[in-house]
Amino acid sequence: MDNNLSPEDNDNIDWDTEDELEIQEIQDTTFSSCMDLRTTGQHTVRCDGEASSSSVPCQSKFIQQFVVMGFPEASIAKAIEQNGEDSDLVLDALLTFKALEDSPEEQPSASPQPCINSDDSSSEYNENFLDDAYEEDSWSSDSDSCRNSAKQCYVKVESSSSSEKEKTLLFLASMGYPMEEVSIAMERCGPEASVAELTDFICAAQMARAEDVYLPEDVKPKLNHILNGSGGYKKRKMYNELCKRKKAKAIFEEETIRLPKPMIGFGVPTEPVPAMVRRTLPEQAVGPPFFYYENVALAPKGVWDTISRFLYDIEPEFVDSKYFCAAARKRGYIHNLPVENRFPLFPLAPRTIHEALPLSKKWWPSWDPRTKLNCLQTAIGSAQLTNRIRKAVEDYDGEPPMRVQKFVLDQCRKWNLVWVGRNKVAPLEPDEVEMLLGFPKNHTRGGGISRTDRYKSLGNSFQVDTVAYHLSVLKDLFPGGINVLSLFSGIGGGEVALYRLGIPLKTVVSVEKSEVNRDIVRSWWEQTNQRGNLIHFNDVQQLNGDRLEQLIESFGGFDLVIGGSPCNNLAGSNRVSRDGLEGKESSLFYDYVRILDLVKSIMSRHRH
């Protein structure tokens, strides 16, 4: 696979789409070229258009804070080159360097990596790794464990003649914590407590005393002293980490929802259903037309309640596509389709990685337990990342140590990397993504479409096999063909599903703002020799009552209204702008509701 995406391609990757990773500055795969830094001797100096030297006061001051901690200047320069002038990141890097230097037998040929929560024995690593981290409240704790390990290793080498307790005591004292408070913390937290746990305990105790209304003022520590006094840098760092953990937990408890397990909705063809699923639709939900709405399952609390309320109080059907193919894709669907007598597309799609990608089996290591891929994203792992993984693994004749295995598995799960050679992983090719999502080969290829646009379009699409299973009930209802209003139609996942089910497409009104996606649908329409009419609009807001009246009069009405409004403000990848259905993009859901209500009203008038 050609992993060498151009810088332009990388810059144009859309991180604000449905299941994509939360933090755009992912350290594992983006390697800063540090255009504003260069290393001169053992000093790092800023390149800001003017001649600089290592004697620049502000730069020396930044370096000096780490020099006085005992770190070599060469390591400091390397840490700054990798992380910029972010004190927290530089400190973590320096501590990790120190730990790795003193454990050469386990050191892979890769730079330190942030830890990501994973279950090494599970093939069901969830599609949105950060949403699942919140779901288990483990993102922060795992990150802490990485830092703790490095700090404990750093403490360990400080004094070979001291006991572990004495080493920890001295290390915390060197950070500026009072010996008495350190001793109390070690006694309360136990002998196995990490440095971060001890500092959290001390800071929490200090702040509790600062707020205690019963203590005299001369006994209370001042908050500014706690955060900025002796050793204040590291105290402040630990305090901030504690706050972040609490904030992460609060987000989970207050905003995200729990999804059903297993996520099989009203049934899937490959899993047993305990009893016959029956449901009673509200009277106002009964067609015509039939309608089908899709969005990400992991939305903020209350979003699906609102969606359901606006769509006639119909119960959502939550389904994970891993029951239909070899990749996970957690989605919620609200529709008024029958749920009895569904049937899947044949032949059934491959349901494991090795069935879908048989050539990978030859190279798959025994310590990689994956049988399913995660949600297929709009972005891929970089060439630098796959090269680091190769170097990390090839240093060992047999199985690499657990630490290296965990790093590799975390990255493989996060980026859906597959084994394509000895010690060699690569991202999926666009053609492979098409196959996994149920699209025909070359569906997004050609016509001047870039690889980046192919990944972006595919990452935002339906999983065709899943949607086709739900739509299969329409085949007997419309043997002569179907008129479809496809809103936010993307690359035509709904149209492809109907076509693969053998349901003739008489008229399709497709509404899609992306010119690239419209071209893909138009090309597919021509390549498959469709005999019906394809009408394109580029904005849902163009569909007002008059326009819909004209369309319905011209061909007699719509049989199906299908679509999934943008999830930019719903998905876990966009917590910064995770404004729910009030967000700029995701508020377009209300246009789906508006258009559906207009279609139902106009068609009702025409029937009478």
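Residues numbered from 1 in each chain as written. Predicted model: local features only at pLDDT ≥ 70, side-chain atom pairs only at ≥ 80, totals over all residues. Heavy atoms only, no water.

Labelled according to an unreviewed UniProt entry, the protein appears under the name DNA (cytosine-5-)-methyltransferase, originating from Nicotiana attenuata. According to its UniProt record, the protein has this under Subcellular location (unreviewed entry): "Nucleus". (UniProt positions renumbered as here; feature names shortened; annotations may be inferred.)

## A closer look at the overall build of the protein
Within the protein one finds 23 helices and eleven strands. The contacts of the protein with a sequence gap of at least 6 include a subset with a gap of at least 24, amounting to 73%. Total accessible area computed for the protein in this model is approximately 28200 Å², and 49% of it derives from carbon and sulfur atoms. (Helix = DSSP H or I, 4+ residues; strand = E, 2+ residues; numbered from the N terminus. Contact = heavy atoms within 4.5 Å. Areas by Shrake-Rupley, 256 points an atom, 1.4 Å probe, with all protein chains shown as cover.)

## Topic: the packing of helix 12 (residues 303–310) against helix 23 (residues 589–607)
Helix 23 packs onto helix 12 with a crossing angle of 15 degrees between their chain directions and a minimal axis gap of 11 Å. Relative to helix 23, the element helix 12 is oriented roughly parallel. Seen along the crossing, helix 12 lies across helix 23 with a hand that is right-handed. Residue-level contacts link T306, I307 and F310 of helix 12 to F589, Y590 and V593 of helix 23. Taken together, the residues of the contact of helix 12 with helix 23 sort by class into five nonpolar, one polar and no charged. (Axes fitted to C-alpha atoms, helices over the stretch in contact; angles between N-to-C directions. Parallel < 35°, antiparallel > 145°, perpendicular 65-115°, else oblique. Left-handed = near helix turned anticlockwise from the far one by under 90°. Nonpolar A, V, L, I, M, F, W, Y, C, P; charged D, E, K, R; others polar.)

## Side note on the packing of aromatic side chains
Applying the stated criterion to the full structure yields 14 aromatic pairs. Ring geometry for F310 against F589: centres 6.3 Å apart, planes inclined by 85 degrees, an arrangement best described as edge-to-face. Here the residue F310 occupies a position in helix 12, and F589 occupies one in helix 23, the gap between them amounting to 279 residues. Classification of F589 by relative accessible area gives buried; the value is 0%. Each ring, one from Y499 and one from W524, has its centre 5.6 Å from the other, and the planes form 85 degrees; the classification is edge-to-face. Pair noted here: Y499 is in helix 20 (residues 493–500) and W524 is in helix 21 (residues 515–527), with a separation of 25 residues, a long-range link. The exposure class of Y499 is partly exposed, given its relative accessible area of 38%. Grouping aromatic residues by their ring pairs yields a cluster made of Y293, F310, F589, Y590 and Y592. Above the ring of Y312, the side-chain terminus of K600 is found at 5.5 Å from the ring centroid. (Phe/Tyr/Trp six-rings, centres within 6.5 Å; stacked < 30°, edge-to-face > 60°. Buried < 20%, exposed > 50% of the residue type's maximum accessible area, 1.4 Å probe, protein only. Lys NZ or Arg CZ within 6 Å of the ring centre and 35° of its normal.)

## Notes on the environment of Q527
Inspection of the secondary structure assignment puts Q527 in helix 21. Look at Q527 and you get exposed, because its relative accessible area is 60%. C-alpha of Q527 to C-alpha of H443: the two residues are 84 residues apart in sequence and 9.6 Å apart in space.

## A look at the pairing of strand 11 (residues 560–563)
The two faces of a sheet get side chains in turn, since along a regular strand they alternate between them. Side chains L560 and I562 project from strand 11 onto one buried face, and the interleaved V561 and G563 project onto a second face that is buried too. With four bridges joining them, strand 3 (residues 290–296) and strand 11 adopt parallel strand pairing. The partner of Y292 across the bridge, within strand 11, is I562. When strand 8 (residues 482–487) meets strand 11, the two strands line up parallel, connected through four bridges. Across the sheet, the residue bridging to S486 is I562, located in strand 11. (Pairing = 2+ DSSP bridges.)

## With respect to the nonpolar core
The biggest cluster of nonpolar side chains holds 70 residues, and the ones touching the most others in it are V408, L471, L474 and L560. Looking at this core element by element, the count peaks at six residues for helix 15 (residues 402–415). Lining this core are residues from two domains, each supplying at least three of them: domain 1 (291–301 + 311–348 + 459–606) and domain 2 (353–437). If sequence neighbours within four positions are ignored, L471 has contacts with Y292, L337, G494, A497, L498, L501, I503, L560 and I562. Residues L259, F291, V540 and L548 belong to the second largest nonpolar core, which totals 39 residues. (Core = buried A, V, L, I, M, F, W, Y, C linked by side-chain atoms within 4.5 Å. Domains from an automatic or database assignment.)

## Notes on the sheet that holds strand 9 (residues 505–511)
Adjacent strands of a sheet form backbone hydrogen bonds with each other and so pair up, either parallel or antiparallel. Spatial strand order, 4-5-3-11-8-9-10: seven strands in an open sheet with mixed pairing. Edge strands, defined here as strands with exactly one partner in the open sheet, are strand 4 (317–320) and strand 10 (533–537). Strand after strand, the sheet turns through a mean of 20 degrees between neighbouring axes, direction not considered. The pairing of strand 9 with strand 10 spans five bridges and is parallel. Across the sheet, V508 pairs through a bridge with L534, a residue of strand 10.

## Considerations on the packing of helix 14 (residues 383–394) against helix 15
Interhelical geometry of helix 14 versus helix 15 gives an angle of 155 degrees and a closest axis separation of 10 Å. Between helix 14 and helix 15, the angle is such that the two are roughly antiparallel. The two elements helix 14 and helix 15 cross, and the hand of that crossing is left-handed. Together, L385, I389, A392 and V393 of helix 14 and V404, F407, V408, Q411 and W415 of helix 15 make up the contact between the two elements. When the residues that make up the contact of helix 14 with helix 15 are grouped by side-chain class, the tally is eight nonpolar, one polar and no charged.

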